[in-house]
Amino acid sequence: MTRLDVAPPEAEGPVECDGPRALVVEAREVPLGGVRGMEVHRTLPHRSLPMVGAWCFLDRFGPQQTLMRVEPHPHIGLQTVTWPIVGEVRHRDAVGSDVVVRPGVLNLMTSGAGIAHSEYSVGEGPIPLDALQLWVALPESRRHGAPAFERHEDLPVLDLGDGSDAVVVMGELGGISSPATVHTPIVGAELRLAAGATVRIPLDPTWEYAVSGMVGAAEATTGVDAVDADASRRPAPAIEPGSTASVDHTRLVYLGTGRDHLELRSDEGARVFLLGGEPFEADIVMWWNFVGRSHDEIAEAREAWEARSSRFGEVVDHGPERIPAPSLPGVRLTARRRRV
């Protein structure tokens with residue numbers, strides 16, 4: 001998935017962020033890949049919360065009836081995790097992949113030093129479409145390597161009791177590991193909560209976590225008052241104080257570190273995505289579709305894309321069509337730092 005919003009550089013300076021938190025990030029609407037009339041909402045990155053572990057990006061496109069046509073575009077320094085809820089999307093990339101992305105199947109693309117891909121909804125007209133698109137920042141040991149793509153149709157399931165379970169999409173949860181390739185300690189899991197269920201999710205106290213709603217609504221027991229990540233921009237507080245926080249498709253709830261479990265309850269049943277991991281090894285510079293460590297690295301990647309460099313390869317079954325890179329801002333890009 002390509003980004004079109006170009007965020008201003010973030011201020012420098014360390015921020016204390018250890019311990020349990022309950023930061024509520026409301027999704028914001030963003031444009032996508034030159035496609036007009038397509039509804040896309042983003043919770044990561046946020047100016048107060050650039051990452052959760054190695055997870056650095058979370059978009060929700062849908063639910064909607066739409067025709068999706070995202071032409072070839074580049075990535076560096078990340079993995080794309082596509083997790084459909086409704087509908088099918090055709091993925092093509094520069095390592096020769098040409099697959100249909102379906103609900104329940106993980107499609108994982110690793111950019112390494114550079115890759116290009118495209119995403120089209122299946123068919124010639126609008127279809128029901130709803131999916132999560134996430135990015136994982138690659139560590140120094142992998143971000144300069146070769147691109148790759150993998151697909152996993154049989155993902156492990158962790159029994160949570162009370163008729164609920166968790167599909168382990170990426171990484172590890174409760175001793176259950178996904179077959180997907182990861183390069184830092186992380187977890188990405190779809191939690192499927194039965195109606196009336198209260199479940200206890202095992203967590204690693206040294207990792208940081210967040211939950212984002214997919215379908216239905218749940219209540220997360222936070223143990224601390226929830227804080228509105230955009231409170232300074234609102235005329236009145238949007239979050240009621242208390243030891244629980246509501247999780248639905250419009251928001252992400254960041255939980256911080258220091259927790260050995262998370263309790264979730266849903267009255268009518270819900271699907272929730274859990275993301276977490278070991279705090280990332282470095283601050284990242286993130287602009288457009290690129291994850292790097294410096295302004296110069298990002299500028300070099302942009303120049304290579306605009307010059308049609310072989311660095312990104314050619315997307316299978318595509319001609320010259322592609323998404324051009326936006327102009328760089330008039331100031332140097334700096335690392336995104338936490339403000340919570």
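These numbers were taken from a predicted model, which means no experiment stands behind them.

Here strand S19 (residues 218-221) shows a clear split, with Ala218 and Ala220 buried on one side and none of Glu219 and Thr221 buried on the other. Bridge count between S19 and strand S21 (residues 244-247): four bridges; the pairing is antiparallel. Each bridged residue has a counterpart across the sheet, and for Thr221 the counterpart in S21 is Thr244. Where S19 lies against strand S23 (residues 261-266), three bridges are found, and the strand directions are antiparallel. The residue of S23 that forms the bridge with Thr221 is Glu263.

On to the sheet that holds S23, then. Reading across from one edge, S17-S23-S19-S21 is the order of the four strands in this open sheet, with antiparallel pairing throughout. Where the open sheet ends on each side, the last strands, each with one partner, are strand S17 (197-202) and S21. Adjacent strand axes in the sheet meet at a mean angle of 25°, parallel and antiparallel pairs treated alike. One ladder, built from six bridges, connects S17 with S23; its direction is antiparallel. In the sheet register, Pro202 faces S23, and the bridge partner there is His261.

Most of strand S18 (residues 208-216) sits inside the fold, with seven of its nine residues counted as buried. Relative to strand S24 (residues 270-277), S18 runs antiparallel, the two being bridged by eight bridges. Across the sheet, residue Val211 finds its bridge partner in S24, namely Leu274. The sheet contact formed by S18 and strand S22 (residues 251-256) spans four bridges and is antiparallel. Along S22, the bridge assignment pairs Ser212 with Leu252.

As a further point, take unusual backbone geometry. Backbone torsion omega between Leu44 and Pro45 reads 0°, so that peptide bond is classified as cis. Residue position: Pro45 is located in the loop between strand S3 (40-44) and strand S4 (55-66). For the bond from Gly62 to Pro63, the omega torsion is 0°, close enough to zero to count as cis. Structurally, Pro63 is set in strand S4. Although it is not a glycine, Asp162 adopts a positive phi angle of roughly 60°. Here Asp162 shows up in the loop between strand S13 (157-161) and strand S14 (164-173). We note that Asp317 has phi near 65°; this positive angle belongs to a residue other than glycine. As for its placement among the helices and strands, Asp317 is situated in the segment after helix H1 (295-306).

Here the focus is the pattern of salt bridges. Side chains bearing opposite charge may pair, as long as their charged atoms lie close to each other. If you walk through the whole model with that rule in mind, you get 15 salt bridges. Here Asp317 and Arg90 are joined by a salt bridge, their closest N and O atoms 3.4 Å apart. Residue Asp317 is located in the segment after H1, and its partner Arg90 is located in strand S7 (residues 89-93); the two are separated by 227 residues in the primary sequence. Judged by relative accessible area, which is 56%, Asp317 ranks as exposed. For the salt bridge of Arg192 with Asp165, the shortest nitrogen-to-oxygen distance reads 2.7 Å.

One open sheet accounts for seven strands, arranged S2-S3-S4-S11-S6-S9-S12; its pairing is antiparallel. Strands at the two margins of the open sheet, each flanked by one partner only, are strand S2 (28-29) and strand S12 (148-152). Here five bridges tie strand S9 (residues 106-110) to S12, and the two strands are oriented antiparallel to one another. Bridging from a neighbouring strand, Met109 pairs with Phe149 of S12.

For H1, which comprises 12 residues, the first-to-last C-alpha distance of 17 Å matches the rise-based estimate of 16 Å (1.5 Å per residue) to within 8%. What H1 keeps buried is the set His295, Glu297, Ile298, Ala301, Arg302, Ala304 and Trp305. Phi for Arg308, located one or two positions after H1, is positive at around 55°.

Thresholds, definitions, all that
Counting starts from 1 at the beginning of each chain's written sequence and moves along it residue by residue. Local features are withheld for residues below a pLDDT of 70 in this predicted model, meaning they are given only at 70 or higher, and side-chain atom pairs are given and counted only at 80 or more; totals for whole chains, interfaces and linings count all residues. Derived side-chain values reflect all non-hydrogen atoms in the structure, with water molecules and hydrogen atoms excluded from consideration. Here's how the labels work: a residue is buried when its accessible area is under 20% of the maximum for its type, exposed when over 50%, partly exposed in between, all with a 1.4 Å probe on protein chains only. Numbering goes from the N terminus for both helices and strands, where a helix is a DSSP run of H or I of at least four residues and a strand is a run of E of at least two. Note on pairing: two strands pair once DSSP finds at least 2 bridges between them. Interaxial angle, 0 to 180 degrees, is taken between N-to-C directions of lines fitted to C-alpha atoms, where a helix line uses only the stretch in contact. A side-chain nitrogen of Lys or Arg and a carboxyl oxygen of Asp or Glu constitute a salt bridge if their distance falls within 4 Å. Under the convention used throughout, the expected extent of a helix is 1.5 Å for every residue step, that is, one less than its residue count.

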